[in-house]
Amino acid sequence: MYIMLARLYDEFRVANRSVTVLDAAAVIVGIWALRATVLAARRKFKTTRLRGPPRTHLIYGVSKDLFKSSSTGSLFEQWAKEYGPVYEVPTTLGGNKIVLCDPKAVGHYYARETWTYLLLPSTRRFMERNFGNGIQTVQGEAHKRQRKSLTPAFSHATIRNITPIFFHSAYKARAAWESLIDASSDDSAIIEVQNWMNHISLDTIGLAAFSHDFGSLDGKPASVTKIFDTFGSFSKRSKIISDADLILLAQVFPILSYLPTPRNRMLQEMQEIMEDISKSLLERTKNEKEKGALDGKEEKSIIGVLIKANDTDSSELHLTREEVVAQMRIILAAGYETTSTTLTWLLIELARNPGIQSKLREELLAFGVDPTYDQLNSALPYLDAVVHETLRLHPPLTEFTRVAGEDDIIPISEPVYTKSGDLVDRIAVASGTKVCIPTACINRSTAIWGADAKAFLPERWLESGAIPKAAQEVQGYRHLLTFADGPRICLGRGFAVAEIKAVLSVLVKDFVFEMRDGPGTQIEIALGMILRPKVAGEDGTRIPLRVSRYGG
């Protein structure tokens, strides 16, 4: 199929030279008009028609504005101020989606996710193709079964056992950075920290989840390291269609996601590499188990739990071999990508805020020894505040869009006006309607978090009464939607937070971080597997910081 699509893609490129822009536009507008008519007729009778921003693009609605914005959260918040906390935005080819910025509506939505609110067909196909039928892809009873099987792998006891691995990776990076500083002409070195955070995350997830050392912190070449490092660094764009165009159109016509663009080729290579690695690690661990070579800790590791689920006869816990491999691929990618991005943002914020950096260092140095898992959770309040303030301001996934699988009524805490001028305190949602939760908007909305919502202010997590009442109504983890909520809340959130805290506690004690080009350095967003920070105007997803030894 891939070869056939490649041939069609090449033929399309040739044909495109003889097709005028007017001809192409006429076809697209015709499709859009037909689709818009059908959707409008259905929604007119079953879905509450809400106010919202006007269409800024004939084909893409406001989708391209959101895709290319450096702060989608700010756009969503601006519309919420104008149209109310629940509103409607026009999307690609005549589509629409309802945006929920109201905590009561969001709570209702998340309580029904995976049953009433389902993955978009385009999202599900993408996940199935790249990660298999794992916990991020399946829905309903299948999701409930897989989650129940995986839960023991992310328990407090399991994370407590693997916490030393987090410190092990951090100390490897520390030693390498000390060598770089020693080799420099002064007492500091320019270090591209995002790449290092990638390697810390990859080696950590390899050891902690699968008892496998990828060796990326030691400079060992590996196919998985290469493919992960390449994401976000390529700059070629198709001559026919941009990444934004293709991704947005693929949400309506999923077959477009199979076109052999540079990004899709890379995704295909990534999924092949991850599948090979996952199968290899699974076979190795199964062989060791059969030979009795696994100790108790390894049997309780993530891969040990997966093998146990594969071996069980219980219909409520059993995972097929294909499902086990899918979980491994998802855990590998998610554990690498989201954690490394958050660690990078943490170092950026500390470099931008030297006072906060010094205060954090003082707490860590006063504590002295490396904290245990339980101490990471309870004995270092300023570390906890810095980490959660970063998770608030910089969620790795900035929005979630689902489709209603059945008709629903969503309650809202603040009445809104409909297009016809009626004031309503609940909205009707017809089956097939898209519903969006703008995570970045809700996490840093001034209406929810107060006038200082955009500021990096760890103290808000420490001072009594500093979390506004509106924010307390957000039901997610620590009043944040960074890890989503409801039945699909991120299962690995405890793992991720413990790893981030451990790595930060090692690096901040020994190093001082500054922006390479001064505190005014502009940071923008680039598309890797997910959105990543980068220095504005520079290629790739580089974050070069000036790193020096702490001499206090």
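The structure displayed is predicted, hence computed values, not measured ones. (Residues numbered from 1 in each chain as written. Predicted model: local features only at pLDDT ≥ 70, side-chain atom pairs only at ≥ 80, totals over all residues. Heavy atoms only, no water.)

**Here we look at the packing of helix α16 (residues 354-367) against helix α22 (residues 493-510)**
One way to put it is that α16 packs onto α22 with a least axis distance of 9 Å and a crossing angle of 105 degrees. Classified by the interaxial angle, the pair formed by α16 and α22 is roughly perpendicular. Between α16 and α22, the contacting residues are Q357, L360, R361, L364 and L365 on the first element and L504, S505, V508 and K509 on the second. Here the contact of α16 with α22 is built from residues that sort into five nonpolar, two polar and two charged. (Axes fitted to C-alpha atoms, helices over the stretch in contact; angles between N-to-C directions. Helix = DSSP H or I, 4+ residues; strand = E, 2+ residues; numbered from the N terminus. Parallel < 35°, antiparallel > 145°, perpendicular 65-115°, else oblique. Contact = heavy atoms within 4.5 Å. Nonpolar A, V, L, I, M, F, W, Y, C, P; charged D, E, K, R; others polar.)

**Details of the pairing of strand β6 (residues 408-417)**
Pairing of β6 with strand β7 (residues 423-429) involves six bridges; the strand directions are antiparallel. Directly across from V416, in β7, lies its bridge partner V424. Here β6 hands over to β7 after five residues, with G421 in that stretch at a positive phi of 95 degrees. (Pairing = 2+ DSSP bridges.)

**Re the sheet that holds strand β3 (residues 117-119)**
The five strands are arranged β1-β2-β8-β5-β3 in an open sheet whose pairing can be described as mixed. The sheet is open, and its two edges are formed by β1 (86-90) and β3, each paired on a single side. Strand-to-strand, the axes of this sheet are offset by a mean angle of 40 degrees, without reference to chain direction. The sheet strands contacting helix α4 (residues 72-83) are β1, β2 (96-100) and β8 (434-437), and the helix crosses β1 at an angle near 120 degrees.

**Concerning the UniProt feature "binding site: heme" (unreviewed entry) in the protein chain**
UniProt records the feature "binding site: heme" (unreviewed entry) for C490 in the present numbering. Locating C490 in the fold gives a position in the loop between α21 (469-472) and α22. Apart from residues lying up to four places away in sequence, C490 is in contact with R147 and F483. (UniProt positions renumbered as here; feature names shortened; annotations may be inferred.)

**Notes on the packing of aromatic side chains**
The tally for this structure, following the rule as stated, stands at eleven aromatic pairs. Between W79 and Y87 the ring centres are 6.4 Å apart and the planes differ by 75 degrees, which places this aromatic pair in the edge-to-face class. Among the residues examined, W79 registers a relative accessible area of 7% and is labelled buried. With a centroid separation of 5.1 Å and an interplanar angle of 40 degrees, the aromatic rings of Y109 and Y117 are classed as tilted. No difference in accessibility class separates Y109 from Y117, as the two residues are buried. By way of ring pairs, the aromatic residues W177, W196, F511 and F513 are connected into one cluster. In this structure, R392 packs its charged tip against the face of W449, placed 5.3 Å from the ring centre. (Phe/Tyr/Trp six-rings, centres within 6.5 Å; stacked < 30°, edge-to-face > 60°. Buried < 20%, exposed > 50% of the residue type's maximum accessible area, 1.4 Å probe, protein only. Lys NZ or Arg CZ within 6 Å of the ring centre and 35° of its normal.)

**Focus: the nonpolar core**
Counting residues in each nonpolar core, the largest one holds 126 residues, and the members touching the most others are L100, W177, L504 and F513. It is helix α15 (residues 321-352) that contributes the most residues to this core, 15 residues altogether. With residues near it in sequence (within four places) discarded, L504 still touches L346, L347, L350, L360, L364, L383, V386 and V387. Residues V62, W79, V89 and V99 belong to the second largest nonpolar core, which totals 13 residues. (Core = buried A, V, L, I, M, F, W, Y, C linked by side-chain atoms within 4.5 Å.)

**A word on the pattern of salt bridges**
Under the definition given, this model contains 31 salt bridges. For E316, the salt bridge goes to K148, with nearest N and O atoms at 3.0 Å. Of this pair, E316 sits in the loop between α14 (302-311) and α15 while K148 sits in helix α7 (residues 140-150), and the two are 168 residues apart along the sequence. The partner of R460 in a salt bridge is E389, with the nearest N and O atoms 3.0 Å apart. Of the two residues, R460 sits in the loop between α20 (446-449) and α21 while E389 sits in helix α18 (residues 381-393), which places them 71 residues apart along the sequence. Take E389: its relative accessible area is 0%, and that puts it in the buried class. Salt bridges here are not isolated pairs; linked through shared partners, they connect E389, R392, D452 and R460. (Salt bridge = Lys/Arg side-chain N within 4 Å of Asp/Glu carboxyl O.)

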